[in-house]
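Descriptive structure summary
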Amino acid sequence: MARADPRLEDLVGDAERPYDVRPDRLYTRDDLMRGWHRGAGHSMTLDGRIYEYVKAHGGRAPDMEEGLAQRTHDHFIDVALAEFLMRTARPVVGIMGGSSTVAADLNYRRVVHLTAALTRRGYLVVGGGGLGIMEAANLGPYLADRSDADRDAAVDALAAAPSWPTDPAGYMGAADGVRERFTPGGESLAIAAWVIAGEPISQFASHIAKYFSNSIREDGMLAVATAGIVFAPGGAGTMQEIFQDAAQNADRIFGRSPMAFLDRRHYCVETGLYPALERQGQRLGFADLLSVGDEPEEILDRFPPDAAPPSLDGMAPEMLVRHMRNAH
């Protein structure tokens, strides 16, 4: 006998599923850390339990019922993200870079100071919601109203903590300590995905759009960062995002926005990505959007304090979602 198609009502009412199929707002750090205490690992959090549930139900290739639940969830996160962007009505700058960059790395500290300055200029900073440069992207706005000395002290505390790969619980405790020490923090956005098992959520983002589909998540980050993107050093994932953003600028999918690169040596010498992108920019008409620098002050030159907020033209949230997803 053929199995009956799953009904949305049944998916919503499934008590074993650890996540809400129809969330009515973005997540907070406290939502996803529910169940955690000092000394515990990431698996104790709601975030970790969702990872385990996804893994047990097919991972990236879920069964029909779980796939329907995940896609429904991601649609409602899209709507919640659109509602949040409409409420804030601030120009959005994206920060991308390596998830393995440790707090002791100079570029981590640079990103913290850069994103704090961007926040003070009126921008909403969005990062990928995980560790490394993604964490630094949210830490800067969290400490935007603090002094440079406070920001350096927070980075120093994280740099002195055990590394995430060697002692996840120890690092989570250190990050939580920084968060508590400087609470309440400023506002920022993280757009993340349940893809890399065990990857913790940023402790410093105020609003978190977390998806099951990584392709929807990556496309969404580029779509919302209409005021530009800063690329810190990273690996293959960052390289993919660079050329995806370049293609969007060449085709003017979401208009034209700056592409600023942090760390001349990395991008001009070690990888050669910046000279290659300059050649393509000259050929395809976006070379004027490119810049590279080593210090936050150089990067800030591309992001004036009087940047216009995104034009929403009276859109309803559902209309903004359609614009974000259909602009291609």
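This report concerns the structure included in the present document. (Residues numbered from 1 in each chain as written. Predicted model: local features only at pLDDT ≥ 70, side-chain atom pairs only at ≥ 80, totals over all residues. Heavy atoms only, no water.)

Quick look at the overall build of the protein
Assigned secondary structure in the protein consists of 14 helices and 7 strands. Relative to its full complement of 328 residues, the protein shows a buried share of 53%. Carbon and sulfur atoms make up 51% of the accessible area of the protein, which amounts to about 14,200 Å² in all. (Helix = DSSP H or I, 4+ residues; strand = E, 2+ residues; numbered from the N terminus. Buried < 20%, exposed > 50% of the residue type's maximum accessible area, 1.4 Å probe, protein only. Areas by Shrake-Rupley, 256 points an atom, 1.4 Å probe, with all protein chains shown as cover.)

What about the packing of helix H7 (residues 148-160) against helix H8 (residues 168-181)?
Packed helix pairs are specified by the crossing angle of their axes together with the interaxial distance, meaning the distance between the axes. One can describe the packing of H7 onto H8 by two numbers: an axis separation of 9 Å at closest approach and a directional angle of 165°. One finds that H7 runs roughly antiparallel with respect to H8. Crossing of H7 over H8 shows right-handed handedness. Two secondary-structure elements touch here, H7 through Ala153, Ala154, Ala157 and Leu158 and H8 through Tyr171, Ala174, Ala175, Val178 and Arg181. Class assignment of the residues belonging to the contact of H7 with H8 gives a composition of 8 nonpolar, no polar and 1 charged. (Axes fitted to C-alpha atoms, helices over the stretch in contact; angles between N-to-C directions. Parallel < 35°, antiparallel > 145°, perpendicular 65-115°, else oblique. Left-handed = near helix turned anticlockwise from the far one by under 90°. Contact = heavy atoms within 4.5 Å. Nonpolar A, V, L, I, M, F, W, Y, C, P; charged D, E, K, R; others polar.)

Focus on the sheet that holds strand E6 (residues 259-262)
In space, the 7 strands of this open sheet follow the order E4-E3-E2-E1-E5-E6-E7, with parallel pairing throughout. A strand with exactly one partner marks an edge of an open sheet, and here the two such strands are strand E4 (207-211) and strand E7 (290-293). Averaged over all neighbouring strand pairs, the angle between strand axes comes to 20°, with direction disregarded. In this structure, strand E3 (residues 189-193) lies alongside E4, joined through 5 bridges in parallel fashion. Across the sheet, the residue bridging to Ala192 is Lys210, located in E4. (Pairing = 2+ DSSP bridges.)

Observations regarding helix H10 (residues 236-251)
Helix length check: H10, at 16 residues, gives a terminal C-alpha distance of 23 Å against a target of 22 Å (1.5 Å per residue), a fit within 8%. The elements touched by buried residues of H10 are strand E1 (92-96), helix H9 (214-224), strand E5 (229-231), E6, helix H11 (264-270) and helix H12 (273-284). Positive backbone phi, at 55°, marks Arg252, one or two positions downstream of H10. (Expected span 1.5 Å × (residues − 1).)

What about the environment of Glu52?
Mapping Glu52 onto the fold places it in helix H3 (residues 46-56). Judged by relative accessible area, which is 48%, Glu52 ranks as partly exposed. Sequence separation between Glu52 and Pro18 is 34 residues, and the spatial gap between their C-alpha atoms is 9.8 Å.

Digging into the pairing of strand E2 (residues 124-127)
Of the two faces of E2, the one holding Leu124 and Val126 and the one holding Val125 and Gly127 are both buried throughout. As paired strands, E1 and E2 are joined by 3 bridges and run parallel to one another. Opposite Gly94, over in E2, you have Val126 as the bridge partner. As judged from the 2 bridges shared by E2 and E3, these two strands associate in the parallel manner. The residue bridging Gly127 from the neighbouring strand is Ala190, located in E3.

Focus: the pattern of salt bridges
A side chain with one charge may pair with a side chain of the opposite charge, provided their charged atoms come close. The full count for this structure, using the stated rule, is 18 salt bridges. Between Arg25 and Asp31 there is a salt bridge whose closest N-O contact spans 2.7 Å. When the shortest N-O distance is used, the salt bridge between Arg29 and Asp176 registers 2.6 Å. Placement of the pair is Arg29 in helix H2 (residues 29-32) and Asp176 in helix H8, with a sequence separation of 147 residues. In the salt-bridge network here, residues are joined through shared partners; they are Arg29, Asp30, Arg38, Asp176, Arg179 and Glu180. (Salt bridge = Lys/Arg side-chain N within 4 Å of Asp/Glu carboxyl O.)

A look at the packing of aromatic side chains
This structure, assessed with the given rule, holds 9 aromatic pairs. Summarising the aromatic geometry, the rings of Tyr19 and Phe212 are spaced 4.6 Å apart at their centres and angled 50° between planes, so their arrangement reads as tilted. Of this pair, Tyr19 sits in the loop between helix H1 (8-12) and H2 while Phe212 sits in the loop between E4 and H9, and the two are 193 residues apart along the sequence. Across the pair, exposure class does not vary: Tyr19 and Phe212 are buried alike. (Phe/Tyr/Trp six-rings, centres within 6.5 Å; stacked < 30°, edge-to-face > 60°.)

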